[in-house]
Amino acid sequence: MSENIILIGFMGTGKDTIGRILAENLNLGYLSTDRMIELAEQRSIKEIFEKEGEEYFRKREHWVLEKIKGLKNVVIATGGGIVKNEKNREILKKAGRVIQLYANPDTLLKRIKMDGSRPLVKSKKEFFNLLEQRKGIYDFAEMKIDTTEKAPELVAREIIKRLGLKKIDYPDQNESIMIHTKSRVYPVIITFDSDRHLIFRNKRIFIITNPLVGALYLDDLVKRLKRQDNEVNYLIIPDGEAYKNIKTVESIYEYLFKINFQRQDIILGLGGGVITDIAGFVASTFKRGCKLVYIPTTLLCQVDAALGGKNGVNTKYGKNMLGTFYQPECVVCDIKKIMTLPDREFSNGIAEVIKYGIISSEGLFRTLKEKKGLIMERDPASLFRIIKECVMIKGKIIEEDETEEKGIREILNFGHTIGHIIEKMGRYKRYSHGEAVSIGMVQEICIFNKNRIPVEVIELLKGYSLPAELPGFIKRQDIKGFILQDKKMKREKIRMPIFERIGSVKIKEVLCKKFF
């Protein structure tokens, strides 16, 4: 199953409660559009209406739909008025199977509290007026379900039966791979059930995440940690590379000082590579080092960004120009979280998986070719296998050269020298990290192999919907300024992983002028 289930309907019809039950019964993710707005705004729906008005709130609803429209395997509970906007209705129809929940007015009145928490309904008169105004706007749903005087569990069961839905089955597989570095020994846990591995008691935990990831996973994580007698705080930061900067880091420092965060407390990065980079940078620098745990929620982060202790933020001079080496206490890779990724974000991570095949494992490269169908369908067992192999490859490299002093770890930079330039010149919006690295790998092979066209590499990348050609807005001469600021520069030369054959690269010092 890769379709989303989208619940629409008037307030009080049970969208949130039934949505959570559906998600649990089908092994799907769950997201409330109202909750995502609250996390992004860091205030309640009531406060948003009071201070900004309904028009502003409706714009934020549209923003949410634009952010989540590519998700897969998610139950989405929407706000009652989200369908007033025709554009929103079109997005919802394309995003999944839309189910309208409804109930008779007496039932709705019993469920809705007239205590001011519903900004549009403060009296029975307002309730009936709004009910009349909303008449007919939910009719685009493919199915209507009456929730009048029905238990939420029965409604969920009815939806599953009428849509013919089946639960996603996950194998009972868990693997703990120990990473042994000079500074720390820690486990990277690959699992389909992160709950059993997140065991903290009587700790202070500070979670850093973004609105989308927070809407999917934060509330359940906070509840679970609090049940184990932990004190939990969190901060929501904007999503994207454009926010991976010192300004964001300073805002986190400010929050940590306000709550008197101490060195023995735990910073938990919940999200993709931007989140783990920022969380790691903050943990390594705040009071000279705090405890650090990662729950990476993207494929790219599980196979790369969360591993190895590299942390950094961007500057106007380039990507990750300010950074540290700082290993986490633990990394928990929950493959269930990958199942919700949009296709583009999934391919973004596959680029790094392909990189591991090119630099270190011909077997992995062949698996990616032969099992492409299963991997693109996100077959759980296939994902477990490739993630485990990537973790083992990177773990071995990190153990041999934690801080790049021996030159061994530099093979992980394959495709990244040009890739980072593409990201920067595209203002971190036109190309994702994986897409930029995909192009970078092809271009670096061509530049340093006498313009040899890596046909096999290009075919595999394109098979996973990844780009290979240098974008038209970048000229070779444009690369010069960025190369001269590269961290790997030594006078007129730069140390690079040079492609030899599938499964093997070699570190060499090359003249910078070869790039331009």
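Above: the structure in question.
Residues numbered from 1 in each chain as written. Predicted model: local features only at pLDDT ≥ 70, side-chain atom pairs only at ≥ 80, totals over all residues. Heavy atoms only, no water.

Let us look at the pairing of strand 10 (residues 266-271). Among the 6 residues that make up strand 10, 6 are buried, leaving the element largely enclosed by the rest of the structure. What you see with strand 10 is no split at all: Ile-266, Leu-268 and Leu-270 on one side and Ile-267, Gly-269 and Gly-271 on the other are buried throughout. Note that strand 8 (residues 204-209) and strand 10 share 4 bridges and pair parallel. Its bridge partner lying in strand 10, Ile-207 is registered against Leu-268. Bridging between strand 10 and strand 11 (residues 291-296) involves 6 bridges; their strand directions are parallel. Note on strand 11: the bridge partner recorded for Gly-269 is Tyr-294. Remark: the strand 10/helix 11 (residues 273-285)/strand 11 crossover connection has right-handed handedness. (Buried < 20%, exposed > 50% of the residue type's maximum accessible area, 1.4 Å probe, protein only. Helix = DSSP H or I, 4+ residues; strand = E, 2+ residues; numbered from the N terminus. Pairing = 2+ DSSP bridges. Right-handed = clockwise from strand over helix to strand, strands pointing away.)

It is worth spelling out the pattern of salt bridges at this point. In this structure the tally under the stated criterion is 43 salt bridges. Between Asp-265 and Arg-204 there is a salt bridge whose closest N-O contact spans 3.1 Å. Pair noted here: Asp-265 is in the loop between helix 10 (246-258) and strand 10 and Arg-204 is in strand 8, with a separation of 61 residues, a long-range link. In the salt-bridge network here, residues are joined through shared partners; they are Glu-241, Lys-244, Asp-277, Lys-319 and Glu-423. (Salt bridge = Lys/Arg side-chain N within 4 Å of Asp/Glu carboxyl O.)

This brings us to the nonpolar core. With 105 residues, the main nonpolar core has Leu-22, Ile-159, Ile-267 and Ile-354 as its most contacted residues. The greatest single-element share of this core, amounting to 9 residues, is contributed by helix 16 (residues 380-400). The residues contacting Ile-159, other than those within four sequence positions of it, are Leu-7, Ile-18, Leu-22, Ile-99, Leu-101, Ile-145 and Leu-165. Counting 57 residues, the second-largest nonpolar core is a separate cluster that includes Leu-39, Val-83, Val-293 and Ile-295. (Core = buried A, V, L, I, M, F, W, Y, C linked by side-chain atoms within 4.5 Å. Contact = heavy atoms within 4.5 Å.)

A few words now on empty space enclosed by the protein. Rolled over the atoms, a probe sized like a water molecule indicates the empty space that remains. Scanning the model with the defined rule gives 1 cavity of 30 Å³ or more in all. A volume near 80 Å³ is recorded for the largest cavity. Contributing to the lining of the largest cavity are Arg-20, Tyr-30, Ser-32, Arg-35, Gly-214, Ala-215, Leu-216, Tyr-217, Leu-218, Asp-219 and Asp-220. Here the residues of the lining of the largest cavity are counted per class, giving 5 nonpolar, 2 polar and 4 charged. (1 Å grid on protein atoms, 1.4 Å probe; cavity = no way out; pocket = protein on both sides within 12 Å on 5 of 7 lines; lining within 4 Å. Points joined across faces, edges and corners; volume = space filled by probe spheres on them. Nonpolar A, V, L, I, M, F, W, Y, C, P; charged D, E, K, R; others polar.)

Ordered in space as 2-3-1-4-5, the 5 strands form an open sheet in which the pairing is parallel. Strands at the two margins of the open sheet, each flanked by one partner only, are strand 2 (29-32) and strand 5 (143-146). This sheet shows a mean twist of 20° between the axes of neighbouring strands, independent of strand direction. Note: strand 1 (residues 5-8) against strand 4 (residues 97-102), 4 bridges, orientation parallel. Paired with Ile-6 across the strands is Val-98, a residue of strand 4. Where helix 2 (residues 33-41) meets the sheet, its contacts fall on strand 2 and strand 3 (74-77), and the angle it forms with strand 2 comes to roughly 70°. Relative to strand 5, helix 8 (residues 152-163) is tilted by about 155°, and along the sheet it contacts strand 1, strand 4 and strand 5. (Axes fitted to C-alpha atoms, helices over the stretch in contact; angles between N-to-C directions.)

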